[in-house]
Amino acid sequence: MGNEVKFMIGRIYFAIFGLVVLGIGILEILLGLTGRSFEWGIMEMSGEFLLWRGLILFFAGAFYLSSIKNFTDIHQLAKVVMGSVMIWIIAGVKIFSMILESIPGEEGWLNTFEGFLESYSAPYIPSLFLLPFSLVVLYYIRLSGEMSKGGGDER
Amino acid sequence: MKLTVDERWDLIDKITKQVVKYGEYKYTLKDAIAELTVKPLTGIPIAIAVLYGFWAFFGAFAGFFTDGFFVKLFDNHWLPWLQGVFPGKGGWLYYIFVGDPKADNCFEAFGVLTSGLFVAIGVVLPAIIAFYLFLIILEDSGYLPRLAVLIDTVLHKIGLHGFAVVPMILSLGCNVPAVVATRTLETKKQRFMMATLLAIFIPCGAQLGIMLEVIPEYVGLVMIYLLAGFFIFGFILNKLIPGRSPEILLDIPPYQMPIARNVRRKLWARVKSFFTVAVPFVLLGVVIVNIMYLTGFLDWLANLLEPILCGWFGVPKETVGPLIAAFLRKDLAVAQLSAIEMTTYQLVTSVVLVSLYFPCVATFAMLIKEGREEGLKGVLQYLFGSLLALITVVFLWGGLVHLIWIILGVA
Amino acid sequence: MGNPNVGKSAIFNRLAGAKVMESNYPGTTVDYTKGYMRLENKDIEIIDVPGTFSLEPKDKAEEVAVKMLKENKDAVIICVIDSTKLERGLYLALEIIEEGYPVIIALNMWDIAKDKNIWINIEKLENILGVPVVATVAVSGEGIKELVSKIKEASPANIERIVERAGGLEK
């Protein structure tokens, strides 16, 4: 498969993904502004700083969508990277705090085993679901790196 | 032989032409990202995400240690044990060291070995570790200077020029090095202005840390008041003080991976100085406030200042104790404030007041030292200038905050 | 000595094993720091100074740097230059050479220059300037050993000869 095809796929992928991220962002902003929360299966939109998380996802989605024009350009790829980094920040600190919250107990020093498992159970915030899909950008960073290196050798 | 400036540049031109070969300049992803982080349109969203990460990381980290372990250790084990074994219950020595014999948590006991130790070790220590860890990583990665440039750009857009953003951001760590960093500013006016503004308005890491810990829901509000004050009074000072404030040019370093060794070393230096410099002051602060309370001086002072505190600032007169502790350590003062019963708005106002009304001892000493670099006249100028600015600011801004509450109908 | 944020403190820490704050931030060092390093079984005092662009100081941190230079007439100067910004680093280096100090040049941040595809011919630069030149990466320690081994080769250079070797000045 040629690189052009790969980038075409990436473009479509991030266009769709960007729309999803943007949509979730808008939803979270609305919920945050009205002070409500929303739960859907194993996904929840609630908790502290909901408005801020929504805002960040909104921008991340906007970064993705603005990058689909001239997708192969390094500036555009940088936007995709930063959009993904923003999702990683939200998801990363969430995972970090889940781990830390699971260790100490309510009364005793350490949590009970049930309590420990309990803290990892659903529902999760949207960013945790978005995280694996945003990792695709790593592939494109590598691809772009290889291409520029390949171009250099032909000199 | 000495060359003239032009000859020197000419020579450099000759040399570099012979020794430097520029390869094809490749615009890398790093460059593109660097550009995105300083352009306001894309930089501000990124800055929001980074600050959110900071905030959430901090909450998780400090919460883990303080609520998860230290609160249990101090309230369930240390306090009952100490209350049992410390001799002379009800005596003044007992009061100073253990505090209120009926207290069931270390926040409200007010003793040196209870509240003092708990605030220093249990609350502020985890807070500053979390705070500095994140700050150092941001600093070493090269993001912080970019944030400075971003803020500078935005400030220029709204017509605020000549603010030294680097010392301002450094100041979030600790006001002392930030005051020292004003040395890189070109004119005396700028140095004085920035040193004073920093010392008054920008809270330090320890204070921010404890605010995030005990009153997390109001930190945003407190920061808005402080930053608004910073820029408004900065604008006024800029007009009042004679002299020039030239533009500040900032070199942006490249993005790079923070090196674990360097991060570890810097974090350790911070923690060490916390133990040697901050902890003794926290304990001393508790001792002084307790002695003042025992001798009745505190009550006398509270009654004396009541018209000002209640009338002008709209905060309860009990805040006099924390205000005295704030001379030594702001973090201690915030902790003590949070144990006093008052409304949300009084709490926000009093925290703003504590931040404003006097720089901590260490910063104050550094201000004087900076003034001394410019001779005795310099010392007096720094001292009186800062104090004058300080008193004006405290009264105007503190009163204004109160007025805003009154207008909003909540005070 | 060197321009701001070229890694003077990082090199100093490497040499003296000291713990000066180093940051990826211009203007971290605003005062001088003294330390000691061992060279051929002797303890030698080394001084870390704030960054400056020239010997005509513009602010108080730069004043400190210039004052330290003037106070230590018999010092060997390690001139730290950001390899990606050779020109402005050389400006300061030339000024110091003209003052008659023995100089050794550390081309720091060599790795970043390599990434940016900037190649500096070290031998040629050495030949023109007549002082030792070493490529270093202070944060990882690359080139520091070579820097130490060449400190004793540092010697005052004659600016007229440099001009000659560079091909003369335009009049």
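What you see is a predicted model, and the numbers here were worked out from it, not measured in a lab.

**Comments concerning the environment of Leu323 of chain B**
All names here are of chain B. Structurally, Leu323 can be placed in helix H15 (residues 320-328). The spacing of Leu323 and Gln336 is 13 residues in sequence and 9.4 Å in space, taken between C-alpha atoms. Ignoring any residue separated from it by four or fewer positions in sequence, one finds Leu323 in contact with Ala333, Val354 and Tyr357.

**Focus on the interface of chain A and chain B**
On the chain B side, the residues contacting the 24 residues of chain A number 21 residues. Looking at the side of chain A that touches chain B element by element, the count peaks at 13 residues for helix H3 (residues 74-102) of chain A. For the side of chain A that touches chain B, the per-class residue count stands at 19 nonpolar, 4 polar and 1 charged.

**Considering the confidence of the model for chain C**
Mean pLDDT over chain C stands at 78; residues scoring 70 or higher make up 89%. Across the whole predicted complex the pTM is 0.77, and at the interface the ipTM reaches 0.86.

**Some details on the pairing of strand E4 (residues 103-108) of chain C**
All names here are of chain C. Taking burial as the measure, the 6 residues of E4 include 6 buried ones, the bulk of the element. Covered by surrounding structure in E4 are Val103, Ile105 and Leu107 together with Ile104, Ala106 and Asn108, the residues of both alternating faces. Looking at chain direction, strand E3 (residues 77-82) and E4 are connected through 6 bridges and run parallel. Bridge pairing links Ile78 to Ile104 in E4. Regarding the hand of the β-α-β motif, the stretch spanning E3, helix H3 (residues 86-98) and E4 is right-handed. Both E4 and strand E6 (residues 133-135) contribute to a ladder of 3 bridges, which runs parallel. Across the sheet, the residue bridging to Leu107 is Ala135, located in E6.

**Some remarks on the sheet that holds E6 of chain C**
Residues and elements named next belong to chain C. Here we have 3 strands laid out as an open sheet, ordered E3-E4-E6, and parallel in their pairing. Both outer strands of the open sheet, E3 and E6, are each paired with one neighbouring strand and no more. Taken over all neighbouring pairs, the strand axes of this sheet differ in orientation by 25° on average, direction set aside. Docked against the sheet, H3 engages E3 and E4, running at close to 165° with respect to E3.

**Quick look at the packing of helix H2 (residues 29-38) of chain B against helix H3 (residues 40-85) of chain B**
Residue and element names in this part refer to chain B. H3 packs onto H2 with a crossing angle of 85° between their chain directions and a minimal axis gap of 5 Å. Overall, the two elements H2 and H3 adopt an arrangement that is roughly perpendicular. Where H2 abuts H3, its residues Leu36, Thr37 and Val38 lie against Thr42, Gly43 and Ile46. Broken down by class, the residue content of the contact of H2 with H3 amounts to 3 nonpolar, 3 polar and no charged.

Criteria and thresholds
Residues numbered from 1 in each chain as written. Chains lettered and ligands numbered in written order. Predicted model: local features only at pLDDT ≥ 70, side-chain atom pairs only at ≥ 80, totals over all residues. Helix = DSSP H or I, 4+ residues; strand = E, 2+ residues; numbered from the N terminus. Contact = placed C-beta atoms within 7 Å. Nonpolar A, V, L, I, M, F, W, Y, C, P; charged D, E, K, R; others polar. pLDDT = per-residue confidence, 0-100. Buried ≥ 20, exposed ≤ 12 C-beta atoms within 10 Å, placed from the backbone. Pairing = 2+ DSSP bridges. Right-handed = clockwise from strand over helix to strand, strands pointing away. Axes fitted to C-alpha atoms, helices over the stretch in contact; angles between N-to-C directions. Parallel < 35°, antiparallel > 145°, perpendicular 65-115°, else oblique.

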